[in-house]
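Residue-level listing of the chains:
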Amino acid sequence: GETITVQELAEKLKKTAAEVIKKLLGLGILATINQEVDFDTATLIASEFGIETELKVAVDKEAMIMAEPEDDPAQMVIRPPVVTIMGHVDHGKTSLLDAIRETNVTAGEAGGITQHIGAYQVEHNGKKITFVDTPGHAAFTAMRARGAKITDIAILVVAADDGVMPQTVEAINHAKAADVPIIVAINKIDKPTANPEKVKQELTHHDLVVEDWGGDVIAVPVSAKARIGLENLLEMILLVAEVHELKANPNRPARGTVIEAELDKGRGPVATVLVQNGTLHVGDTIVAGHVMGRVRAMIDDKGRRVKKALPSTPVEILGLSDVPEAGDIMVAVEDEKLAREVAEKRKQRKKEEALKASAKISLDDLFKHI
Ligand code: GDP
Ligand code: MG
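Residues numbered from 1 in each chain as written. Chains lettered and ligands numbered in written order. Predicted model: local features only at pLDDT ≥ 70, side-chain atom pairs only at ≥ 80, totals over all residues. Heavy atoms only, no water.

**Student:** Got a minute to help me understand the site of ligand 1 in this structure?
**Tutor:** For ligand 1, the set of nearby residues contains 15 residues, the closest of which are Asp90, Lys93, Thr94, Ser95 and Asp190. Here an oxygen atom of ligand 1 and a backbone polar atom of histidine 91 are 3.4 Å apart. Lysine 188 has a polar side-chain atom sitting 3.0 Å from an oxygen atom of ligand 1. In isolation ligand 1 exposes 570 Å². Once the protein is present, 73% of that is buried. (Near = heavy atom within 4 Å. Polar contact = N/O pair within 3.5 Å; in protein donor to acceptor, adjacent residues only side chain to side chain. Areas by Shrake-Rupley, 256 points an atom, 1.4 Å probe, with all protein chains shown as cover.)

Shown next, in the form of structure tokens:
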């Protein structure tokens, strides 16, 4: 990472080097005037002196591009809910996602679904819902680790013939930790062995009490296979969304999260991004993790080229200089030079971290052979 000498830090803080050295000592760091300290330490020292913002502005360009200016309430408009489907393996997550998608392919799109970009939107009673097709819980965890919150509502799929299973519990815990409301989809009710009441009873052991048991958790019986209850599920999603008044400001630079990314043979780096606030336009300069670029083209979940993407919209982006990682936060930046600098700095940091990791491995390897 970036560093600053004790001397420079003292100058920035308008203190003497001796004063800074003394504070460092207080933190258990023995330093000389020309010694370099990292910015975390520098920030800590600054706050010890009661000076916080000055230093941050001076050193942290990254904070500048990541800053989220408060939105004017008058600019906020309702946005579609972003929904993730979770649950135990084989309980029907993929089937349910596919069923919802297929039953909502409108006449205009007949000819089928050509795109698979890791997220899609459907319309129900004129209102949109965005479904994120995270490949299992690992992606959810990875995204959360990076501070990306992409889900407004979690659909917990529980197979009615199998009941609450270890990954069901895991999913409940994930959703609770992320403070995301849960709607239970009791799936496979077409099966003769289905026992939805047993599922409801088991859920109570995990603090999920459904409505007909006197609680406030919505449970919808469905069958992904027989296409039962899907409309009802969409209805309930919109209801929960309405209660939570999900809003965003389309009139500001875009901010979102990378859902997936890859190097495409013909098209170069391609990233699927969920726009979460603001509007992303073709031509925008963006930074996503250690990658910067200018949006050359955008493709929506129906395979159409689009010029802009509003909040809660998933789009594929072309024009990046490299492949970002799933979970990376993407921001549109007006100052291209600043965007480049931050991306460069992050790339450098990534390289150093990778080097450190490999150095550690080789050292470990060395000891192994002794
Ligand atoms: P996932 O692991 O949660 O994504 O589960 P899948 O969607 O892959 O489904 C697992 C198995 O359950 C597949 O064989 C599906 O055909 C089957 N399945 C999914 N939904 C239903 C349903 O509503 N009824 C029945 N009978 N089978 C289903
Ligand atoms: Mg699956």
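**Student:** Before we go on, may I ask you to explain unusual backbone geometry in this structure?
**Tutor:** Positive phi outside glycine occurs at aspartate 90, with the angle close to 70°. For aspartate 90, a relative accessible area of 63% corresponds to the exposed category. At lysine 188, a position not held by glycine, the phi torsion is positive, near 65°. (Buried < 20%, exposed > 50% of the residue type's maximum accessible area, 1.4 Å probe, protein only.)

**Student:** Explanation requested: the nonpolar core in the structure shown.
**Tutor:** Buried together is how nonpolar side chains tend to be arranged in soluble globular proteins. By size, the foremost hydrophobic cluster in this structure holds 28 residues, and its most contacted members are Leu96, Ile100, Phe131, Ile155, Ile183, Leu233 and Ile237. Broken down by secondary-structure element, the contributors of at least two residues to this core are β4 (82-87), α6 (93-103), β5 (119-124), β6 (127-132), β7 (153-159), β8 (182-187) and α10 (230-244). Looking at this core element by element, the count peaks at eight residues for α10. Dropping the residues within four chain positions of it, isoleucine 100 is found in contact with Tyr120, Val122, Phe131, Leu230, Leu233 and Leu234. One finds Ile172, Ala178, Leu208 and Val217 within the second-largest nonpolar core, a separate group that totals 19 residues. (Core = buried A, V, L, I, M, F, W, Y, C linked by side-chain atoms within 4.5 Å. Helix = DSSP H or I, 4+ residues; strand = E, 2+ residues; numbered from the N terminus. Contact = heavy atoms within 4.5 Å.)

**Student:** Please clarify how the side chain of lysine 200 should be interpreted in this entry.
**Tutor:** Positionally, lysine 200 belongs in helix α9 (residues 196-204). In this structure lysine 200 comes out as buried when scored by relative accessible area, which is 11%. Contacts of lysine 200, omitting those with residues within four sequence positions, involve Ile186, Val210, Asp212 and Trp213.

**Student:** Hey, could you run me through helix α8 (residues 166-177) in this one?
**Tutor:** Counting along an α-helix, one turn takes 3.6 residues, and residues three or four places apart therefore face a common direction. With 12 residues, α8 should reach 16 Å at 1.5 Å per residue; the first-to-last C-alpha distance of 17 Å fits that figure. Residues of α8 that are buried: Thr168, Ala171, Ile172, His174 and Ala175. Buried positions in α8, seen along its axis, are confined to an arc of 160° and lie on one side of it. Exposed and facing more than 90 degrees away from the buried side of α8 are Pro166 and Ala177. The first or second residue beyond α8 is aspartate 179, which carries a positive phi of 60°. (Expected span 1.5 Å × (residues − 1). Arc of directions from axis to C-beta.)

**Student:** How should the environment of glycine 92 be read in this particular structure?
**Tutor:** Looking at the secondary structure, you find glycine 92 in the loop between β4 and α6. Each C-alpha atom of the pair glycine 92 and glycine 256 lies 28 Å from the other, and the pair is 164 residues apart in sequence. When near neighbours in sequence (up to four residues on either side) are disregarded, glycine 92 contacts Val157 and Asn187.

**Student:** In this structure, what is going on with the packing of helix α1 (residues 6-13) against helix α2 (residues 17-26)? I would like to understand it.
**Tutor:** Helix-helix packing is described using two parameters, namely the angle between the two axes and the distance between the axes. Relative to each other, α1 and α2 sit at 110°, their axes nearing to 8 Å. With respect to α2, the axis of α1 lies roughly perpendicular. Residues Val6, Leu9 and Ala10 of α1 pack against Ala17, Val20, Ile21 and Leu24 of α2. Residue classes in the contact of α1 with α2 are distributed as seven nonpolar, no polar and no charged. (Axes fitted to C-alpha atoms, helices over the stretch in contact; angles between N-to-C directions. Parallel < 35°, antiparallel > 145°, perpendicular 65-115°, else oblique. Nonpolar A, V, L, I, M, F, W, Y, C, P; charged D, E, K, R; others polar.)

**Student:** How do you make sense of the pairing of β4 when you look at a structure like this?
**Tutor:** Looking along a regular strand, one sees the side chains alternate between the two faces of the sheet. Counting buried residues along β4, six of its six residues qualify, which places the element largely inside the surrounding structure. Side chains of β4 alternate between two faces, with Val82, Thr84 and Met86 and Val83, Ile85 and Gly87 buried alike. Here β4 runs beside β6; their pairing, made up of three bridges, is parallel. When the bridges of β6 are listed, threonine 84 appears paired with valine 132. Note that β4 and β7 share five bridges and pair parallel. (Pairing = 2+ DSSP bridges.)

**Student:** Quick question: what am I supposed to make of the environment of asparagine 34 here?
**Tutor:** Mapped onto the secondary structure, asparagine 34 falls in the loop between α2 and β2 (36-38). Classification of asparagine 34 as exposed rests on a relative accessible area of 61%. Between the C-alpha atom of asparagine 34 and that of valine 6, which follows or precedes it by 28 residues, the distance is 5.9 Å.

**Student:** Help me understand the pairing of strand β19 (residues 329-332), please; the structure alone is not making it clear to me.
**Tutor:** Across three bridges, the pairing between strand β11 (residues 255-264) and β19 is antiparallel. Note on β19: the bridge partner recorded for threonine 257 is isoleucine 329. Summarising the sheet, strand β14 (residues 285-288) and β19 pair through three bridges and their orientation is antiparallel. If you follow isoleucine 286 over to β19, its bridge partner there is alanine 332.

**Student:** What is the right way to look at the pattern of salt bridges in this model?
**Tutor:** Opposite charge on two side chains makes pairing possible when the charged atoms of those side chains draw close. Enumeration according to the criterion identifies 21 salt bridges in this entry. For lysine 247, the salt bridge goes to glutamate 245, with nearest N and O atoms at 3.9 Å. Residue classification places lysine 247 among the partly exposed positions, given a relative accessible area of 38%. Salt bridges sharing partners connect three or more residues here, namely Lys61, Lys337 and Glu341. (Salt bridge = Lys/Arg side-chain N within 4 Å of Asp/Glu carboxyl O.)

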